[in-house]
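Chain residues, written in single-letter form:
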Amino acid sequence: MIAGALIPGVPLLLGLAGLTLRAGDDQGDHTPRRSAAALGIAGAAISLAVTLALLIFADKPVEASRQWVSFGGIDITLGISAGDAALYIALAVCVVALFVQIYSTAYLHDDPRYAPYAAQVSLFTGAMLLVVTSGDLIGMLVGWEVMGACSYLLIGHDRRLPEAPAAAVKAFLVTRVGDVGFLLGIALLVVDAGTSRIADVLAHDYSTGTLTAALLLLLAGVAGKSAQFPLHTWLPDAMAGPTPISALIHAATMVAAGVYVVFRMYPLYEQSPAALAVLGVIASITILLGALSATAQDDLKRVLAWSTVSQIGYMTGALAVGSPAAALFHLLTHAAFKALLFLAAGAVIHAVGTNYLSRMGGLREHMPVTFWSFVVGLGALAGLPPLAGFWSKENILTAAAHATDGGGPAPVWVGWVVWLAALFAVAVTAWYATRLLLCAFFGVSREHGPDGPDWEIGFDDARYTRPLTAHDPPGAMRWPIVLLAIPAALLGFAAYAPGFRTALELEEPHLSVAIVLPLVLLALGAGGAWWLWRETPEADPAAALGRARPFLAAGFRFDDVQERLVVRPVRAFAGLVRTADERVVDGTVEGAGTTTSRLGELLAAAHRIPLPWAATLVLGGALVLTLWFGAAS
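Quick look at the overall build of the protein chain now. Scanning the protein chain from N- to C-terminus turns up 24 helices and 2 strands. Dimensions of the protein chain, computed from C-alpha atoms along their principal axes, come out at roughly 110 × 65 × 55 Å. Burial statistics for the protein chain: of 633 residues in total, 53% are counted as buried. The long-range share in the protein chain, meaning contacts at least 24 apart out of those at least 6 apart in sequence, stands at 79%. Counting only carbon and sulfur atoms, one obtains 67% of the accessible surface of the protein chain, whose full area is about 26500 Å². Counting 36 positive and 45 negative side-chain charges, the protein chain places the centres of these two groups 5 Å from one another.

Here's what the structure looks like:
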């Protein structure tokens with residue numbers, strides 16, 4: 001119990017300690033910064049060491065639970081439940097968090113608010129680890145909500161960027177919409193089961209209606225946290241946050257949380273074909289929506305952000321067709337290559353001072369380490385063999401193809417929808433991955449833009465006011481990139497390790513003729529982008545999208561749809577409520593006070609009239625009352 005509790009507990013406690021440090025070192029005192037870095041790195045490193053120790057030495061899952069309080073026969077428990085699958089996810093979270101903390105010491109070396117930043121990263125990490133290792137739904141919910149709060153703070157960290165606060169608010173509000181459903185779903189499960197302990201919840205016999213309603217409500221929270229349609233719109237805008245935070249959110253924490261929750265609750269989802277059907281439709285739309293939107297982006301980080309939307313769709317698609325093991329495998333490989341890509345993107349942005357692909361080019365010779373890191377990361381993203389993404393994506397495609405034969409927990413048509421969407425996205429992913437590599441690293445340098453070295457654009461980091469000479473990053477940024485390239489290249493071979501397969505309940509890889517079609521689509525997508533590049537030298541292949549490019553770049557304009565269908569009606573309703581509150585409620589209260597005051601003034605004036613007049617009024621009143629009672633009798 002103690003060892004398992006240390007995994008989320010250490011970064012949470014050290015994160016809280018880090019919040020007590022001074023935010024800045026304006027007087028040249030670097031002690032707060034060094035202390036914050038030490039606490040942040042130590043928190044991730046200790047959790048990593050404990051996780052590794054449990055994976056190596058523990059001969060059974062870490063299980064411990066204790067009743068906390070009881071409400072009307074409902075037992076609320078606190079506990080830890082960490083089997084091998086949870087420990088592998090925790091391992092990925094700890095590795096990425098550790099590299100992000102180290103990377104950030106160089107990337108944000110001049111940031112006066114580095115101390116709270118490092119503390120918030122630790123809290124973010126601990127919250128995700130709590131979601132992964134919690135043995136009860138209440139603990140999972142606490143970690144879930146702490147991640148939401150930390151994401152708000154970290155996305156809006158750089159207050160010098162005007163878009164950062166707006167992006168933070170958008171991420172917080174959109175995910176909160178889903179979290180309302182998530183909370184209600186947990187409440188339904190806990191109330192019906194009479195306990196919050198996950199093992200008991202999974203073993204409880206629910207009615208079909210209650211189970212389906214609860215699982216669909218949970219999917220609302222999953223759609224918000226994991227940026228799935230229709231609650232995906234916050235994730236591309238979240239790129240306004242520092243690049244290391246983008247790596248953490250996309251690779252190992254927030255967007256992975258929803259996938260893991262469905263994996264954890266999968267014994268219940270297997271009993272609800274309706275919930276799996278909804279999940280399959282959401283996944284298929286998200287796969288295509290993310291991939292197509294990525295093709296038209298000029299912002300390097302937004303290309304990667306939309307690719308995350310699509311890749312998480314692959315994971316939820318695997319869950320929908322009945323293969324949670326394939327979903328978890330892709331979650332692990334995605335954590336490696338997406339963390340690699342974002343940290344390498346940060347190195348490019350740090351060097352050239354811009355996020356925009358149209359202002360890059362020719363970086364291959366100046367940044368060889370970063371270039372080869374991108375080759376590995378983008379190859380894994382596209383599913384190029386033998387890189388990690390090939391093996392995990394192939395598992396998903398195989399699972400979806402098998403689901404088309406029937407016999408799985410989901411309807412057959414769900415297998416067809418997910419399989420076709422995933423196949424089409426293979427070609428699209430290869431296209432935009434190749435385009436990104438060509439625009440950033442090949443051709444001639446466009447860092448000075450059309451108007452010389454003083455052009456102005458939006459920067460990832462407001463410290464830069466003009467392009468810098470490109471070069472590979474310093475050691476604290478370079479080594480995390482180099483080390484992440486190893487699992488991005490080789491992690492797929494873990495599928496051949498019996499212990500790893502057993503932990504995830506993953507089938508042994510069996511390469512067959514079925515891999516030919518995805519590889520042909522990959523070659524067509526990559527070859528198409530290369531052909532467009534060579535046909536019109538130095539031109540962006542995205543120009544071939546023509547009039548569709550602005551539509552795709554805007555993410556199919558779902559922000560506009562939400563603005564018209566949700567934001568404007570809510571604002572109008574809020575205006576009506578405010579008007580009613582001010583004119584009716586406040587008017588009634590204020591009118592009562594005004595009437596009482598005026599009546600008091602009249603009575604006060606009556607007390608001040610001359611005595612003869614007062615006597616006349618009293619006698620007159622007495623006479624009126626006498627006559628009235630006389631008439632009544």
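Our next topic: a nonpolar patch on the surface. On the surface, a nonpolar cluster with roughly 690 Å² of combined accessible area is contributed by W479, L483, I486, L490, F493, Y496 and L511. Checked against the element boundaries, F493 lands in the loop between α19 (475-490) and α20 (498-504). On the basis of relative accessibility, which here comes to 36%, the residue F493 falls in the partly exposed class.

Once that is clear, we can look at the nonpolar core. Among the nonpolar cores identified, the biggest contains 198 residues, and W234, Y269 and F374 are the most heavily contacted of them. In terms of residue count, the dominant contributor to this core is helix α15 (residues 324-352) (22 residues). Residue contacts for Y269: discarding those within four places in its chain leaves L215, L218, L219, V262, A275 and L276.

Okay, the pattern of salt bridges next. Applying the stated rule across the entire model yields 12 salt bridges. In this structure, the salt-bridge partner of D237 is K170, at a minimum N-O distance of 2.6 Å. Placement of D237 in helix α9 (residues 234-237) and of K170 in helix α6 (residues 163-193) is noted, with a sequence separation of 67 residues between them. Assessed through its relative accessible area of 18%, K170 is described here as buried. Measuring nitrogen to oxygen at the nearest pair gives 3.9 Å for the salt bridge that ties E563 to R571. You can call E563 partly exposed: its relative accessible area is 27%. Look at R571 and you get exposed, because its relative accessible area is 59%. Residues joined by salt bridges that share partners form a network here, namely E145, R176, D179 and K225.

With 30 residues, helix α18 (residues 412-441) extends 44 Å from end C-alpha to end C-alpha; this agrees with the ideal 44 Å at 1.5 Å per step. Counting buried positions over the 30 residues of α18 gives 23, a clear majority of the element. Following α18 by one or two positions, G443 adopts a phi angle in the positive range, close to 75°.

Our focus in this paragraph is the packing of helix α4 (residues 114-133) against helix α5 (residues 137-155). Contact pair α4 / α5: the axes reach a minimum separation of 8 Å and the direction vectors enclose 155°. In terms of orientation, α4 lies roughly antiparallel with respect to α5. Considering how the two elements wind past one another, α4 and α5 form a crossing that is left-handed. Contact residues: Y117, Q120, V121, L123, F124, A127, M128, L130 and V131 in α4; G139, M140, V142, G143, W144, V146, M147, C150, S151, L153 and L154 in α5. Here the contact of α4 with α5 is composed, by residue class, of 16 nonpolar, 4 polar and no charged.

Counting across every chain of the model gives 17 aromatic pairs. Here W416 and W419 contribute two aromatic rings whose centre-to-centre distance is 5.8 Å and whose plane-to-plane angle is 75°, an arrangement assigned as edge-to-face. Highlighted residues: W416 and W419, both in helix α18, separated by 3 residues, approximately one helical turn. Following the ring pairs from residue to residue traces out a cluster consisting of F371, W372, F374, F441 and F442. Directly above the aromatic system of Y114 lies the positively charged group of R33, at a separation of 4.2 Å from the ring centroid. Sitting above the plane of the F172 ring, R176 keeps its charged end 4.5 Å from the centroid.

Before going further, it helps to spend a moment on the side chain of D472. Looking at the element boundaries, D472 is found in the loop between α18 and α19. Among buried charged residues, D472 stands out as having no salt bridge; its nearest opposite-charge side chain is R478, 6.6 Å away. At a separation of 3.1 Å, a polar atom in the side chain of D472 contacts the main-chain amide nitrogen of V369. A polar side-chain atom of D472 sits 2.8 Å from a polar atom in the side chain of T370. Beyond its immediate sequence surroundings of up to four residues, D472 is in contact with H366, M367, P368, V369 and T370.

So, about the environment of V100. Note on placement: V100 falls in helix α3 (residues 84-107). Residue classification places V100 among the buried positions, given a relative accessible area of 0%. Distance from V100 to S284, taken between C-alpha atoms, is 31 Å for residues 184 residues apart in sequence. Once residues lying within four places of it in the same chain are set aside, the contact partners of V100 are Y117, P244, A247 and L248.

So, on to the pairing of strand β2 (residues 74-82). Successive residues of a regular strand alternate their side chains across the two faces of the sheet. Of all 9 residues making up β2, 7 are buried, and the element is well covered by its neighbours. By the bridge criterion, 9 bridges tie strand β1 (residues 62-71) to β2 in an arrangement that is antiparallel. Each bridged residue has a counterpart across the sheet, and for E63 the counterpart in β2 is S81.

Here the protein chain averages 87 in pLDDT, and 93% of its residues register 70 or above. The low-confidence segment residues 449-468, where pLDDT is below 50, has 52 contacts with residues more than four positions distant or belonging to other chains.

So, about the packing of α5 against helix α11 (residues 254-264). One can describe the packing of α5 onto α11 by two numbers: an axis separation of 11 Å at closest approach and a directional angle of 165°. One element, α5, and the other, α11, form an angle in the roughly antiparallel class. The crossing of α5 and α11 is left-handed. Here M140, W144, M147 and S151 of α5 come into contact with α11, specifically with M254, A257, G258, V261 and R264. Considered class by class, the residues forming the contact of α5 with α11 number 6 nonpolar, 2 polar and 1 charged.

Parameters and conventions
Residues numbered from 1 in each chain as written. Predicted model: local features only at pLDDT ≥ 70, side-chain atom pairs only at ≥ 80, totals over all residues. Heavy atoms only, no water. Helix = DSSP H or I, 4+ residues; strand = E, 2+ residues; numbered from the N terminus. Buried < 20%, exposed > 50% of the residue type's maximum accessible area, 1.4 Å probe, protein only. Contact = heavy atoms within 4.5 Å. Areas by Shrake-Rupley, 256 points an atom, 1.4 Å probe, with all protein chains shown as cover. Lys, Arg positive; Asp, Glu negative; His and termini not counted. Charge placed at Lys NZ, Arg CZ, Asp CG, Glu CD. Patch = residues over 30% accessible without salt bridge, like charges linked within 9 Å, V, L, I, M, F, W, Y side chains within 5 Å. Salt bridge = Lys/Arg side-chain N within 4 Å of Asp/Glu carboxyl O. Core = buried A, V, L, I, M, F, W, Y, C linked by side-chain atoms within 4.5 Å. Expected span 1.5 Å × (residues − 1). Axes fitted to C-alpha atoms, helices over the stretch in contact; angles between N-to-C directions. Parallel < 35°, antiparallel > 145°, perpendicular 65-115°, else oblique. Left-handed = near helix turned anticlockwise from the far one by under 90°. Nonpolar A, V, L, I, M, F, W, Y, C, P; charged D, E, K, R; others polar. Phe/Tyr/Trp six-rings, centres within 6.5 Å; stacked < 30°, edge-to-face > 60°. Lys NZ or Arg CZ within 6 Å of the ring centre and 35° of its normal. Polar contact = N/O pair within 3.5 Å; in protein donor to acceptor, adjacent residues only side chain to side chain. Pairing = 2+ DSSP bridges. pLDDT = per-residue confidence, 0-100.

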